[in-house]
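Examining the three-dimensional arrangement
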Amino acid sequence: MSDTTNDPGTAAGTARPAHPAASGPPGAADSARPAVSGVPTVDLGPWLSGDRDARAALARTVDDALRTAGFLLVTGHGVDPELRRRVRDAARAFFVLPAAVKQPYAARVGGRGWLGPGAEANGYAEGTETPPDLKESLTFATHEPFEDPVTNAQWYAPNVWPAEAPELRALCEEYLAEMARLENLLLELLGRALGLEPDFFTRHMDHPTYGFNINWYPGTEVVGEARPGQFRIGPHTDFGTVTVLDRQAGKGGLQVFTEADGWQDAPFDPAALTINIGDLMARWTGDRWRSGRHRVLPPPAEAPAEELISLVYFGECTPGTLVESVPAPVGRVVYEPVDSHVYLRQKLDSITVG
């Protein structure tokens, strides 16, 4: 779920130097693949109900999941499934247009607009040299400018809404309002799961540089046969705090890596949203929680025309937030304090390949 967010640039990105290759199979689909263990489905209803014992039990479950895989599924989130469907339909109407029609909306990684084929290779962020990811994206970010001119120049630009998809803007703005609500709820829960005050994370959310990608994973008739080591999205961890993913079931779908199970399919529940934490959040917790390593498999040989669309919300904090590792006994490692957005900029730059 690549973090292609929050850079106001719109010109095509420049090639990145090759990173050292890392071993690992391309992950061709297998109809009998097991799902990864340690990724629970959590109902947020008890958290919202306010029952003290139920909230405490939920916080323990979340803590355990984030220590194991960095992923969990949540139900009871209140996001209308019809809204999710309509966002997908409106975005697909754009994605299936000829490339020449989409080209005027082309953006660089981290920009606003359309990321065409070959724009990024997410495996580079972890030092895995892979061919470009087999996807296209529409990418949006924070809609409000910043008062500080330097911050504004680095992290704000107007979103680009394709005229060929006239319904998309209103639908995305409604969806993003739901994501902002859910993100704050999740961050409150995460604070409690660490045994900290509930606003430990939310106090840094007064003007976040959230990002939103709509990723289109077409079949081989569009992207061609996958090259060795090529994925819809290469193996990586997300860069920021919390990612909220609305995904579809597929044989060429999401896989999660754990030390216990290696690469396994992420569990799927059509009513659930998939949550994972990123590198910045793992650093913030002193590596108590792990940044969820994941990838999206290429179109499967047994279903080469499979087409999927994911809605990916990247929660971030306010620029200039000083991220300091939570000390022991909660945290496990003490990292040097880091400016949240200096860190994010370095990560974003690492995945641009074209």
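Scroll up for the structure.
The structure reproduced in this document is the subject of the present report. (Residues numbered from 1 in each chain as written. Predicted model: local features only at pLDDT ≥ 70, side-chain atom pairs only at ≥ 80, totals over all residues. Heavy atoms only, no water.)

1. Some words on the packing of aromatic side chains
For the structure shown, the criterion picks out eleven aromatic pairs. Where Phe94 meets Tyr105, the ring centres are 5.7 Å apart and the plane angle is 75°; that geometry is what we call edge-to-face. Pair noted here: Phe94 is in helix α3 (residues 81-95) and Tyr105 is in the loop between α4 (99-102) and β3 (113-115), with a separation of eleven residues, a long-range link. Owing to a relative accessible area of 0%, Phe94 belongs among the buried residues under this scheme. Note on Tyr105: relative accessible area 15%, which makes it buried. Within the aromatic cluster, the residues linked to one another by ring pairs are Phe94, Phe95, Tyr105 and Trp216. (Phe/Tyr/Trp six-rings, centres within 6.5 Å; stacked < 30°, edge-to-face > 60°. Helix = DSSP H or I, 4+ residues; strand = E, 2+ residues; numbered from the N terminus. Buried < 20%, exposed > 50% of the residue type's maximum accessible area, 1.4 Å probe, protein only.)

2. Structural notes on the pattern of salt bridges
Should the charged atoms of two oppositely charged side chains come close, the side chains can pair. Under the counting rule described, the total for this entry stands at 16 salt bridges. Arg85 is the salt-bridge partner of Asp89, the closest N and O atoms lying 2.4 Å from each other. Of the two residues, Asp89 and Arg85 are both situated in helix α3; the distance of four residues between them amounts to about one turn of the helix. Across the pair Arg92 and Glu307 runs a salt bridge, and its minimum N-O distance is 2.6 Å. (Salt bridge = Lys/Arg side-chain N within 4 Å of Asp/Glu carboxyl O.)

3. Describing the pairing of strand β7 (residues 242-246)
Looking along a regular strand, one sees the side chains alternate between the two faces of the sheet. Counting buried residues along β7, five of its five residues qualify, which places the element largely inside the surrounding structure. Every second residue of β7 is oriented toward a common face, with Val242, Val244 and Asp246 on one face and Thr243 and Leu245 on the other, all of them buried. Judged from the four bridges that link them, β7 and strand β10 (residues 273-277) form a sheet pairing that is antiparallel. Note that in β10 the partner of Val242 across the bridge is Ile277. Judged from the five bridges that link them, β7 and strand β12 (residues 308-315) form a sheet pairing that is antiparallel. Bridge pairing in β12 links Val242 to Gly315. (Pairing = 2+ DSSP bridges.)

4. Description of the side chain of Asn213
Within the fold, Asn213 resides in strand β5 (residues 211-217). Here the side chain of Asn213 touches Thr139 through a polar contact of 2.9 Å, side chain to side chain. (Polar contact = N/O pair within 3.5 Å; in protein donor to acceptor, adjacent residues only side chain to side chain.)

5. Here's the deal with the sheet that holds β5
Read from one edge of the open sheet, eight strands run β1-β2-β10-β7-β12-β5-β4-β3, paired in mixed fashion. The sheet terminates laterally at β1 (41-43) and β3, the two strands that pair on one side only. The average angle at which neighbouring strand axes cross in this sheet is 25°, direction not considered. Bridge count between β5 and β12: seven bridges; the pairing is antiparallel. Looking at the pairing, Ile214 lines up with Leu311 of β12. (Axes fitted to C-alpha atoms, helices over the stretch in contact; angles between N-to-C directions.)

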